Amino acid sequence: MPRPRKFNPKIPAHIDQKALPRGVYWDATGNGRWYVLEHPRKAVTVAGHKALLSDLHAIAEARAGSAAKGSVGYVMARFEESTTFTGLAAGTQKGYRHQRKLVESYRTNLGVTLDQLAVARLGPAAIQRVVESIARGRDGELPMPTKANHLLRYVRRMFAWGVQHGHCLTNPASGVAQAKERGKIKMPSPSSYARLTAFARERGQRDAHTAGSVAPYLAHLMVIAYSCRLRGIEVVTLTEANATEEGILSNRRKGSRDNITRWSPALREAWEALIQLRKTAEQRHRRPPQLHASKRPMLVSQRGTALSKSGLDSAWQRLISLAREGDEPVLAEDEVFTLHGLKHRGITDSKDKASGGHRTERMR
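The residue numbers shown here count from 1 along each chain, following its written sequence. Local features in a predicted model are, by the rule used here, given only for residues with pLDDT of at least 70; side-chain atom pairs are given and counted only at 80 or more, and totals for whole chains, interfaces and linings are based on all residues. Excluding hydrogens and water, the side-chain values take into account all heavy atoms of the structure.

A.B. asks: Help me understand the overall build of the protein chain in this model?
C.D. replies: Put simply, DSSP H or I for four residues or longer makes a helix, DSSP E for two residues or longer makes a strand, and each gets a number counted from the N terminus. A tally of regular secondary structure across the protein chain gives 12 helices and five strands. Seen through its principal axes, the protein chain has C-alpha atoms that stretch 75 × 45 × 45 Å. For the protein chain, buried positions account for 44% of its 364 residues. What makes two residues a contact is simply this: any of their non-hydrogen atoms within 4.5 Å. The long-range share in the protein chain, meaning contacts at least 24 apart out of those at least 6 apart in sequence, stands at 55%. Methods summary: accessible areas were calculated by the Shrake-Rupley approach with a probe of 1.4 Å, and residue burial reflects only the protein chains presented. For the protein chain, the accessible surface area stands at approximately 20,700 Å², while carbon and sulfur atoms represent 52% of it. In this tally Asp and Glu are treated as negative and Lys and Arg as positive; neither His nor the chain ends contributes. Here the site of a charge means NZ on Lys, CZ on Arg, CG on Asp, or CD on Glu. Across the protein chain, the 60 positively charged side chains and the 33 negatively charged ones have centroids separated by 5 Å. Think of it in three bands: with a 1.4 Å probe and only protein chains considered, a residue is buried below 20% of the maximum accessible area for its type, exposed above 50%, and partly exposed in between.

Rendered as structure tokens:
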């Protein structure tokens, strides 16, 4: 039988101290915080002073390996186990799992992550604040209205399923407005494309993890995406097998036609530079080279492994953020463009407007 806690007058008055979960402690310094002890006696903050008793119990259960019944995390877990989820397309399942990770990492003003909150305590206003904070950009991130809307669609469907199957009583995402997205993806001007490419080349030559450095592959990636009119996912999945004697064979998505972009000096230079970056990373981490060209990715992480699309997106965001810093930024606010905008620029500058792989003029 555990010894009962002594009454602590410094603990917030809205907390019933007799009902506190085991292993969660109060630190009154500053605004106050809730913490747990990890081996060896390391204090780890788990919630701020605004947290409720239900939040603390949800945290304790989550740390024990199970989400508290009635919490957002509990409903997400049940949804992922359901026949409704397993009946979805593989791509949809993958996207929903990504959204679940976002919910589990989104830290609220209470000092706890969104998945630990009770669904009964949430309403449309709370979900609307989450959507708008992501759309505006939080913690130094760029504004991401599309990301916010993907999350909204996921939680709306997940909560609706939870109501239908008795895991929650309400759908707090019902009636929440989507974030306003840009009507079209901004295409860079020739000048802004050239300036950002030069900036990426200079910053990519700095040592990794130093002030102002960016991923060394970004400048070369920009040249290939522009020259071959490729989407970000199409660039990140290129391998040496895509190189032919005539040029680079594309691997287009969304039903677009593959085609070959003839070699130019700039395209050849970018391609060879990426190969050298991969070889250097493999040698640094003692990775044996792959025998088949289709197994040799053109874009790799610092460890020499194939770069993921999310890794590329993070590297691109860092590049854009650095390009907007300082008294004389490389890009003005109205010049910022997306990685996909390079494909638009490439098609616009091409004499053959069908070179982007679109099957019809309407698609283009």
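A.B. asks: Can you help me understand the pairing of strand 2 (residues 33-38) in this one?
C.D. replies: The side chains of a regular strand alternate between the sheet's two faces. Strands pair, by our definition, only if DSSP identifies at least two bridges between them. Pairing of strand 1 (residues 25-27) with strand 2 involves three bridges; the strand directions are antiparallel. Counterpart to D27 in the pairing with strand 2 is R33. The antiparallel hairpin formed by strand 1 and strand 2 contains five residues in its connecting segment, where G30 sits at a positive phi of about 65 degrees. Where strand 2 and strand 3 (residues 42-48) come together, six bridges link them in antiparallel fashion. Considered in strand 3, the bridge of W34 is made with A47.

A.B. asks: Please explain the environment of S350 as it appears in this structure.
C.D. replies: Residue position: S350 is located in the segment after helix 12 (341-349). With 124 residues separating them in the primary sequence, S350 and Y226 have C-alpha atoms 10.0 Å apart.

A.B. asks: Before we go on, may I ask you to explain the side chain of N259 in this structure?
C.D. replies: Along the chain, the position of N259 falls in the loop between strand 4 (247-249) and strand 5 (260-262). The buried category is assigned to N259, whose relative accessible area is 19%. Side-chain atoms alone can form a polar contact between residues adjacent in sequence; in general such a contact is a pair of N or O atoms within 3.5 Å, and within protein one must be able to donate a hydrogen while the other accepts it. Within the structure, N259 has its side chain in polar contact with the side chain of R252 (distance 2.9 Å).

A.B. asks: Mind showing me how you'd approach helix 12 here?
C.D. replies: Because an α-helix completes one turn every 3.6 residues, residues spaced three or four positions apart along the sequence face the same direction. For helix 12, the full list of buried residues reads G341, L342, K343, R345, G346 and I347. Close packing links the buried residues of helix 12 with helix 7 (190-204), helix 8 (218-228) and helix 11 (309-323).

A.B. asks: Can you walk me through the packing of helix 8 against helix 12 in this structure?
C.D. replies: Two numbers describe a pair of packed helices, the interaxial angle and the distance between the axes. At a minimum axis distance of 7 Å, the contact between helix 8 and helix 12 shows a crossing angle of 45 degrees. Between helix 8 and helix 12, the angle is such that the two are oblique. Remark: the crossing between helix 8 and helix 12 carries right-handed chirality. Within the contact between the two elements, helix 8 uses M222, A225 and Y226 and helix 12 uses L342, K343, R345, G346 and D349. Helix axes are fitted to C-alpha atoms over the stretch in contact, other axes to C-alpha atoms as well, and angles between N-to-C directions run from 0 to 180 degrees. Just so you know how the angles are binned, under 35 degrees is roughly parallel, over 145 roughly antiparallel, 65 to 115 roughly perpendicular, and the rest oblique. For any helix crossing, the convention is left-handed if the near helix is rotated counterclockwise from the far helix by under a right angle, and right-handed if that rotation is clockwise.

A.B. asks: Just checking my understanding: could you explain the side chain of N149 for this structure?
C.D. replies: Looking at the secondary structure, you find N149 in helix 6 (residues 145-164). Overall, N149 belongs to the buried group, its relative accessible area being 1%. Among residues more than four places away in sequence, those in contact with N149 are V131, Q178, A179 and E181.

A.B. asks: What's the story with the sheet that holds strand 3 in this structure? I'm lost.
C.D. replies: Pairing between sheet strands relies on hydrogen bonds along the backbone, with the strands arranged either parallel or antiparallel. Taking strand neighbours across the sheet as the criterion, the three strands line up as 1-2-3 in an open arrangement whose pairing is antiparallel. Either end of the sheet is taken by a strand with one partner, and the two such strands are strand 1 and strand 3. Direction aside, the axes of adjacent strands within the sheet are offset by 45 degrees on average.

A.B. asks: Sorry, what's going on with helix 10 (residues 265-284) here?
C.D. replies: Taking 1.5 Å of rise per residue, 20 residues should cover 28 Å, and helix 10 covers 28 Å from first to last C-alpha, within 8% of that figure. Listed as buried for helix 10 are L267, A270, W271, A273, L274, I275, R278, A281 and E282. Each element contacted by the buried residues of helix 10 is listed here: helix 8, strand 4 and strand 5. Directly after helix 10, the chain includes R286, whose backbone phi takes a positive value near 55 degrees. Under the convention used throughout, the expected extent of a helix is 1.5 Å for every residue step, that is, one less than its residue count.

A.B. asks: Sorry, what's going on with empty space enclosed by the protein here?
C.D. replies: A water-sized probe rolled over the atoms picks out the places where empty space is left. A cavity, in this analysis, means grid points on a 1 Å lattice covering only the protein atoms where a 1.4 Å probe fits yet has no way out; a pocket is instead an open set bounded by protein on both sides within 12 Å along at least five of seven lines, and a residue lines either one if it has an atom within 4 Å of a point. Grid points are joined across faces, edges and corners, and a volume is the space filled by probe spheres set on the points. Within the structure shown, the criterion is met by one cavity of 30 Å³ or more. Roughly 40 Å³ of internal volume is contained in the largest cavity. Along the walls of the largest cavity sit L114, I127, V130, V131, L151 and V155, which together make up its complete lining. The element contributing the most residues to the lining of the largest cavity is helix 5 (residues 124-136), with three residues. Its residues placed into classes, the lining of the largest cavity shows six nonpolar, no polar and no charged. Side-chain classes follow a simple rule in which Ala, Val, Leu, Ile, Met, Phe, Trp, Tyr, Cys and Pro form the nonpolar group, Asp, Glu, Lys and Arg form the charged group, and the remainder, Gly included, forms the polar group.

A.B. asks: I'm lost on the packing of aromatic side chains in this one. Help?
C.D. replies: For any pair of aromatic rings, the description consists of the separation of the ring centres together with the inter-plane angle of the planes. Side-chain rings of Phe, Tyr and Trp, where Trp is taken by its six-membered ring, are said to pair if the distance between their centres is within 6.5 Å; with planes under 30 degrees apart they count as stacked, over 60 as edge-to-face, and otherwise as tilted. Enumeration according to the criterion identifies 11 aromatic pairs in this entry. Arranged with centres 6.1 Å apart and planes meeting at 75 degrees, the rings of W263 and W271 form a pair that is edge-to-face. For the pair shown, W263 and W271 are each scored as buried. Put simply, the rings of F79, F85, Y96, Y154 and W161 pair up and form one aromatic cluster. Over a ring means this: the NZ of a Lys or the CZ of an Arg is within 6 Å of the ring centre and within 35 degrees of the ring normal. When the ring centre of Y74 is taken as origin, the NZ or CZ atom of R78, which lies over that ring, is 4.6 Å away. If you follow R268 out to its NZ or CZ, it ends over the ring of W263, 3.8 Å from the centre.

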